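A closer look at the structure
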Amino acid sequence: QVQLVESGGGLVQAGGSLRLSCAASGRIWGINAMGWYRQAPGKERELVASVTITGRTNYADSVKGRFIISRDNAKRTVSLKMNSLHPEDTAVYYCNVNLKTLPINPYDDYWGQGTQVTVSS
């Protein structure tokens, strides 16, 4: 009933840029925070960046100054512009949206299917 469709992953050389996008659709009554997580092989999933409904952003220390998160509330999309990419940024990136499907329901986390980002040295 809720779909999160991601796009924009791929292969890029170190120092390059990529832009990830995620569009939420389906039975959505309201959206709270939106964000991006990543998981590298053998590691736990970690927060990369998030943005609240009011536009307040939060970044992992490892990406501060390089990545920019943005959202479009009308289009229900969240994007992540990744600049100056490092090989250590290689991971599967997941879109995360905290939303409710009905007014009486609590906010809950929904996840995209993941998109691979590979940064070659």
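The notes below deal with the structure included here. These numbers were taken from a predicted model, which means no experiment stands behind them.

**A few points about the pattern of salt bridges**
Pairing between side chains becomes possible if they bear opposite charge and their charged atoms approach one another. Taken as a whole and assessed by the stated rule, the structure comprises 4 salt bridges. One salt bridge connects D89 with R38, and the closest N-O pair in it is separated by 3.0 Å. Here the residue D89 occupies a position in the loop between β8 (77–82) and β9 (91–100), and R38 occupies one in strand β4 (residues 30–39), the gap between them amounting to 51 residues. The class of D89 is buried, set by a relative accessible area of 2%. Among the residues examined, R38 registers a relative accessible area of 6% and is labelled buried.

**Describing the packing of aromatic side chains**
One pass over the full model with this rule turns up 1 aromatic pair. Just above the ring of Y94 sits the side chain of R45; from NZ or CZ to the centre is 3.7 Å. Lying over the aromatic face of W111, R45 brings its terminal NZ or CZ to 4.7 Å of the ring centre.

**Remarks on the environment of G26**
Checked against the element boundaries, G26 lands in strand β3 (residues 18–26). Sequence separation between G26 and Q1 is 25 residues; the distance between their C-alpha atoms is 5.3 Å. Apart from residues no more than four positions distant in its own chain, G26 is found in contact with Q1, Q3 and R76.

**Some words on the side chain of T115**
As for its position among the elements, T115 is in strand β11 (residues 115–120). Take T115: its relative accessible area is 12%, and that puts it in the buried class. Within the local environment of T115, its side chain forms a polar contact with the backbone nitrogen of G9, the two atoms lying 3.4 Å apart. With residues near it in sequence (within four places) discarded, T115 still touches E6, G9, L20, A91, V92 and Y93.

**A few points about the sheet that holds strand β1 (residues 2–7)**
On the basis of which strands lie adjacent, the open sheet formed by 4 strands has the order β1-β3-β8-β7 and antiparallel pairing. Of all strands in the sheet, those with a lone pairing partner are β1 and β7 (67–72), marking the two edges. Neighbour-to-neighbour, the strand axes of this sheet turn through a mean angle of 15°, independent of strand direction. With 6 bridges joining them, β7 and β8 adopt antiparallel strand pairing. Considered in β8, the bridge of R71 is made with V78.

**Things to note about the side chain of R71**
When you line up the elements, R71 lands in strand β7. For R71, which is buried and forms no salt bridge, the nearest opposite charge comes from D72, at a distance of 8.1 Å. At a separation of 2.8 Å, a polar atom in the side chain of R71 contacts the main-chain carbonyl oxygen of N32. Reaching out from R71, the side chain makes a polar contact with the backbone oxygen of V51 at a distance of 3.2 Å. With near-sequence residues (within four places) excluded, R71 lies in contact with I31, N32, A33, M34, V51, T52, I53, T77 and V78.

Definitions and limits used
- Residues numbered from 1 in each chain as written.
- Predicted model: local features only at pLDDT ≥ 70, side-chain atom pairs only at ≥ 80, totals over all residues.
- Heavy atoms only, no water.
- Salt bridge = Lys/Arg side-chain N within 4 Å of Asp/Glu carboxyl O.
- Helix = DSSP H or I, 4+ residues; strand = E, 2+ residues; numbered from the N terminus.
- Buried < 20%, exposed > 50% of the residue type's maximum accessible area, 1.4 Å probe, protein only.
- Phe/Tyr/Trp six-rings, centres within 6.5 Å; stacked < 30°, edge-to-face > 60°.
- Lys NZ or Arg CZ within 6 Å of the ring centre and 35° of its normal.
- Contact = heavy atoms within 4.5 Å.
- Polar contact = N/O pair within 3.5 Å; in protein donor to acceptor, adjacent residues only side chain to side chain.
- Pairing = 2+ DSSP bridges.
- Axes fitted to C-alpha atoms, helices over the stretch in contact; angles between N-to-C directions.
- Lys, Arg positive; Asp, Glu negative; His and termini not counted.

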